[in-house]
Amino acid sequence: MILRTSALAVLASTTLAAVSQSAAAGGQMSLIELERKVSRDYQDISHVTPEQLEAAMRRPEALLLLDARDAEEIAVSRLPGAVAVDPDISTDDFMQRFGVAARSKDVVIYCSVGVRSSKLATRVRAAVLATGARSVSNLQGGIFAMHNTGRALVDGSGAIDFVHPYSRWWSSYLDFDDLARYNAARRATPLPATGAAP
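Residues numbered from 1 in each chain as written. Predicted model: local features only at pLDDT ≥ 70, side-chain atom pairs only at ≥ 80, totals over all residues. Heavy atoms only, no water.

Helix length check: helix α6 (residues 115-130) (16 residues) gives 24 Å between terminal C-alpha atoms against 22 Å at 1.5 Å per residue, within 8%. The largest bend in α6 is about 50°, located at V124. For α6, the full list of buried residues reads R116, S117, S118, L120, A121, V124 and V128. Within two residues after α6, G132 carries a phi angle of roughly 110°, on the positive side. (Helix = DSSP H or I, 4+ residues; strand = E, 2+ residues; numbered from the N terminus. Expected span 1.5 Å × (residues − 1). Bend = angle between axes of the 7 residues up to and from the residue. Buried < 20%, exposed > 50% of the residue type's maximum accessible area, 1.4 Å probe, protein only.)

What follows is the structure in C-alpha coordinates.
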(Lines give C-alpha, C1' and ligand atoms only; values in the text may rest on other atoms or scores of the structure.)
Protein backbone atom coordinates (compact mmCIF):
# COMPACT_ATOMS: atom_id res chain seq x y z
CA MET A 1 0.00 0.00 0.00
CA ILE A 2 2.83 2.43 0.86
CA LEU A 3 4.56 1.63 -2.44
CA ARG A 4 1.32 2.26 -4.35
CA THR A 5 0.73 5.55 -2.49
CA SER A 6 4.29 6.62 -3.23
CA ALA A 7 3.90 5.75 -6.90
CA LEU A 8 0.66 7.78 -7.05
CA ALA A 9 2.33 10.70 -5.33
CA VAL A 10 5.21 10.62 -7.81
CA LEU A 11 2.77 10.39 -10.73
CA ALA A 12 0.70 13.29 -9.38
CA SER A 13 3.73 15.49 -8.79
CA THR A 14 5.11 14.65 -12.26
CA THR A 15 1.77 15.52 -13.89
CA LEU A 16 1.47 18.75 -11.90
CA ALA A 17 5.04 19.69 -12.80
CA ALA A 18 4.35 19.03 -16.49
CA VAL A 19 1.19 21.16 -16.42
CA SER A 20 2.98 23.93 -14.51
CA GLN A 21 5.93 23.83 -16.91
CA SER A 22 3.52 23.87 -19.84
CA ALA A 23 1.73 26.94 -18.47
CA ALA A 24 5.04 28.61 -17.78
CA ALA A 25 5.87 28.33 -21.48
CA GLY A 26 3.25 31.01 -21.93
CA GLY A 27 0.36 31.93 -24.14
CA GLN A 28 -0.72 30.13 -27.27
CA MET A 29 2.04 27.50 -27.25
CA SER A 30 1.08 26.19 -23.81
CA LEU A 31 -2.63 26.59 -24.67
CA ILE A 32 -2.12 24.25 -27.63
CA GLU A 33 -0.78 21.60 -25.23
CA LEU A 34 -3.80 22.09 -22.98
CA GLU A 35 -6.14 21.84 -26.00
CA ARG A 36 -4.63 18.44 -26.82
CA LYS A 37 -5.25 17.25 -23.27
CA VAL A 38 -8.86 18.48 -23.32
CA SER A 39 -9.42 16.72 -26.68
CA ARG A 40 -8.05 13.48 -25.24
CA ASP A 41 -10.14 13.80 -22.07
CA TYR A 42 -13.38 14.56 -23.97
CA GLN A 43 -13.32 12.27 -26.99
CA ASP A 44 -17.11 11.85 -27.20
CA ILE A 45 -17.55 15.37 -28.59
CA SER A 46 -16.02 17.19 -31.50
CA HIS A 47 -13.69 20.13 -31.00
CA VAL A 48 -13.84 22.95 -33.56
CA THR A 49 -10.87 25.22 -34.17
CA PRO A 50 -11.10 29.03 -34.05
CA GLU A 51 -10.85 29.00 -37.86
CA GLN A 52 -13.78 26.60 -38.16
CA LEU A 53 -15.86 28.66 -35.74
CA GLU A 54 -15.02 31.87 -37.56
CA ALA A 55 -16.32 30.32 -40.81
CA ALA A 56 -19.48 29.09 -39.05
CA MET A 57 -20.09 32.56 -37.59
CA ARG A 58 -20.52 33.86 -41.15
CA ARG A 59 -23.75 31.84 -41.24
CA PRO A 60 -25.38 32.78 -37.91
CA GLU A 61 -28.70 31.20 -38.92
CA ALA A 62 -27.00 27.77 -38.80
CA LEU A 63 -25.15 28.29 -35.51
CA LEU A 64 -26.06 28.32 -31.83
CA LEU A 65 -23.02 29.73 -30.00
CA LEU A 66 -23.06 29.33 -26.22
CA ASP A 67 -20.74 30.93 -23.66
CA ALA A 68 -20.31 28.63 -20.63
CA ARG A 69 -18.45 31.09 -18.41
CA ASP A 70 -19.50 33.01 -15.31
CA ALA A 71 -21.32 36.34 -15.60
CA GLU A 72 -18.21 38.25 -14.45
CA GLU A 73 -16.18 36.74 -17.28
CA ILE A 74 -18.87 37.42 -19.88
CA ALA A 75 -19.17 41.03 -18.71
CA VAL A 76 -15.56 41.65 -19.74
CA SER A 77 -15.95 40.16 -23.24
CA ARG A 78 -17.61 37.43 -25.25
CA LEU A 79 -17.70 36.20 -28.82
CA PRO A 80 -20.13 38.07 -31.10
CA GLY A 81 -23.54 36.39 -31.14
CA ALA A 82 -22.89 34.19 -28.11
CA VAL A 83 -25.61 33.44 -25.57
CA ALA A 84 -24.74 32.84 -21.91
CA VAL A 85 -25.34 29.40 -20.41
CA ASP A 86 -24.58 28.19 -16.89
CA PRO A 87 -21.81 25.57 -17.24
CA ASP A 88 -23.49 23.52 -14.50
CA ILE A 89 -27.00 23.58 -16.05
CA SER A 90 -28.79 20.24 -15.97
CA THR A 91 -29.55 18.51 -19.26
CA ASP A 92 -33.30 18.96 -18.70
CA ASP A 93 -32.93 22.69 -18.04
CA PHE A 94 -30.59 23.02 -21.01
CA MET A 95 -33.15 21.37 -23.28
CA GLN A 96 -35.97 23.56 -21.98
CA ARG A 97 -33.92 26.67 -22.66
CA PHE A 98 -32.07 25.73 -25.86
CA GLY A 99 -33.71 22.60 -27.31
CA VAL A 100 -35.85 24.40 -29.89
CA ALA A 101 -33.10 26.90 -30.79
CA ALA A 102 -30.65 24.02 -31.39
CA ARG A 103 -32.76 22.27 -34.05
CA SER A 104 -31.00 22.03 -37.41
CA LYS A 105 -28.04 24.00 -36.08
CA ASP A 106 -24.44 23.41 -35.17
CA VAL A 107 -24.15 24.00 -31.42
CA VAL A 108 -20.74 25.29 -30.31
CA ILE A 109 -20.03 25.80 -26.62
CA TYR A 110 -17.00 27.65 -25.30
CA CYS A 111 -15.49 28.80 -22.02
CA SER A 112 -12.02 30.17 -21.21
CA VAL A 113 -9.92 27.23 -22.43
CA GLY A 114 -12.39 24.42 -23.13
CA VAL A 115 -12.72 22.45 -19.90
CA ARG A 116 -16.12 23.72 -18.66
CA SER A 117 -17.54 23.81 -22.17
CA SER A 118 -16.34 20.26 -22.92
CA LYS A 119 -18.00 18.99 -19.74
CA LEU A 120 -21.26 20.71 -20.70
CA ALA A 121 -21.12 19.57 -24.33
CA THR A 122 -20.48 15.99 -23.24
CA ARG A 123 -23.39 16.13 -20.76
CA VAL A 124 -26.00 17.53 -23.20
CA ARG A 125 -24.79 16.09 -26.52
CA ALA A 126 -27.13 13.10 -26.84
CA ALA A 127 -30.25 15.07 -25.88
CA VAL A 128 -29.40 17.97 -28.21
CA LEU A 129 -28.71 15.66 -31.16
CA ALA A 130 -31.97 13.80 -30.47
CA THR A 131 -33.90 17.04 -31.03
CA GLY A 132 -32.36 17.51 -34.47
CA ALA A 133 -29.21 19.56 -33.92
CA ARG A 134 -26.57 18.93 -36.59
CA SER A 135 -23.65 18.80 -34.15
CA VAL A 136 -22.51 19.67 -30.63
CA SER A 137 -18.93 20.85 -30.27
CA ASN A 138 -16.47 22.49 -27.95
CA LEU A 139 -14.42 25.46 -29.15
CA GLN A 140 -10.84 24.23 -28.97
CA GLY A 141 -8.87 26.54 -26.69
CA GLY A 142 -12.00 28.54 -25.81
CA ILE A 143 -12.12 32.31 -25.85
CA PHE A 144 -8.40 32.37 -24.96
CA ALA A 145 -7.57 30.84 -28.37
CA MET A 146 -9.79 33.42 -30.10
CA HIS A 147 -8.11 36.22 -28.13
CA ASN A 148 -4.58 34.89 -28.70
CA THR A 149 -5.18 34.76 -32.45
CA GLY A 150 -6.61 38.28 -32.66
CA ARG A 151 -10.23 37.39 -33.38
CA ALA A 152 -13.16 39.66 -32.56
CA LEU A 153 -14.43 40.00 -29.00
CA VAL A 154 -17.28 42.22 -27.84
CA ASP A 155 -18.75 43.56 -24.63
CA GLY A 156 -22.04 45.37 -24.02
CA SER A 157 -20.78 48.44 -25.89
CA GLY A 158 -19.18 46.81 -28.94
CA ALA A 159 -15.72 45.63 -29.96
CA ILE A 160 -13.14 45.23 -27.19
CA ASP A 161 -9.62 43.82 -26.85
CA PHE A 162 -9.86 42.58 -23.25
CA VAL A 163 -10.59 39.09 -21.98
CA HIS A 164 -11.24 37.82 -18.44
CA PRO A 165 -8.27 35.62 -17.42
CA TYR A 166 -10.36 33.40 -15.09
CA SER A 167 -7.56 33.40 -12.52
CA ARG A 168 -3.93 34.45 -12.23
CA TRP A 169 -2.79 30.90 -12.94
CA TRP A 170 -4.99 30.45 -16.03
CA SER A 171 -3.87 33.84 -17.36
CA SER A 172 -0.56 32.16 -18.25
CA TYR A 173 -2.38 30.74 -21.28
CA LEU A 174 -2.93 34.26 -22.67
CA ASP A 175 -0.47 35.81 -25.10
CA PHE A 176 -1.41 39.35 -24.16
CA ASP A 177 -1.23 39.74 -20.37
CA ASP A 178 -1.81 43.47 -20.70
CA LEU A 179 -5.23 42.72 -22.25
CA ALA A 180 -6.43 40.57 -19.34
CA ARG A 181 -9.04 42.22 -17.15
CA TYR A 182 -11.03 40.97 -14.17
CA ASN A 183 -13.70 43.67 -14.28
CA ALA A 184 -15.92 44.89 -17.07
CA ALA A 185 -14.37 47.79 -18.96
CA ARG A 186 -15.70 51.24 -18.33
CA ARG A 187 -15.74 53.36 -21.40
CA ALA A 188 -13.67 56.44 -20.70
CA THR A 189 -14.79 59.79 -22.00
CA PRO A 190 -12.33 60.93 -24.67
CA LEU A 191 -9.95 63.66 -23.58
CA PRO A 192 -10.52 67.03 -25.19
CA ALA A 193 -8.20 68.01 -28.03
CA THR A 194 -5.05 69.90 -27.01
CA GLY A 195 -5.84 73.53 -26.26
CA ALA A 196 -9.61 72.94 -26.09
CA ALA A 197 -11.58 74.51 -23.30
CA PRO A 198 -12.59 72.11 -20.49
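An order of β1-β5-β4-β2-β3 is seen for the five strands of this open sheet, with the pairing classed as parallel. The open sheet has two edge strands, β1 (46-48) and β3 (83-84), and neither has a second partner. Inspection of the sheet shows β1 paired to strand β5 (residues 135-139) by three bridges, in the parallel sense. Among the inter-strand pairings, H47 is bridged to a residue of β5, identified as N138. Helix-sheet contacts for helix α5 (residues 91-102) involve β2 (63-67), β3 and β4 (106-110), and the interaxial angle to β2 is about 150°. Contacting β1, β4 and β5, α6 crosses the sheet at an angle of about 175° to β5. (Pairing = 2+ DSSP bridges. Contact = heavy atoms within 4.5 Å. Axes fitted to C-alpha atoms, helices over the stretch in contact; angles between N-to-C directions.)

Our next topic: unusual backbone geometry. Of note in the backbone geometry, S104 takes a positive phi value of approximately 60° without being a glycine. Along the polypeptide, S104 turns up in the loop between α5 and β4. With phi around 70°, Y166 is a residue other than glycine that occupies positive phi space. On the basis of relative accessibility, which here comes to 38%, the residue Y166 falls in the partly exposed class.

The next point concerns the pattern of salt bridges. Throughout the structure, instances matching the rule amount to six salt bridges. As a salt-bridge pair, R151 and E54 come within 3.2 Å of each other at their nearest N and O atoms. One end of the pair, R151, is in the loop between α7 (142-148) and β6 (154-155); the other, E54, is in helix α3 (residues 50-56), and 97 residues separate them in sequence. Assessed through its relative accessible area of 32%, E54 is described here as partly exposed. The salt bridge involving D106 is made with R134; its shortest N-O contact spans 2.6 Å. With D106 in strand β4 and R134 in the loop between α6 and β5, the pair connects residues that are 28 residues apart, well separated along the chain. By sharing partners, the salt bridges in this structure join E51, E54 and R151 into a single network. (Salt bridge = Lys/Arg side-chain N within 4 Å of Asp/Glu carboxyl O.)

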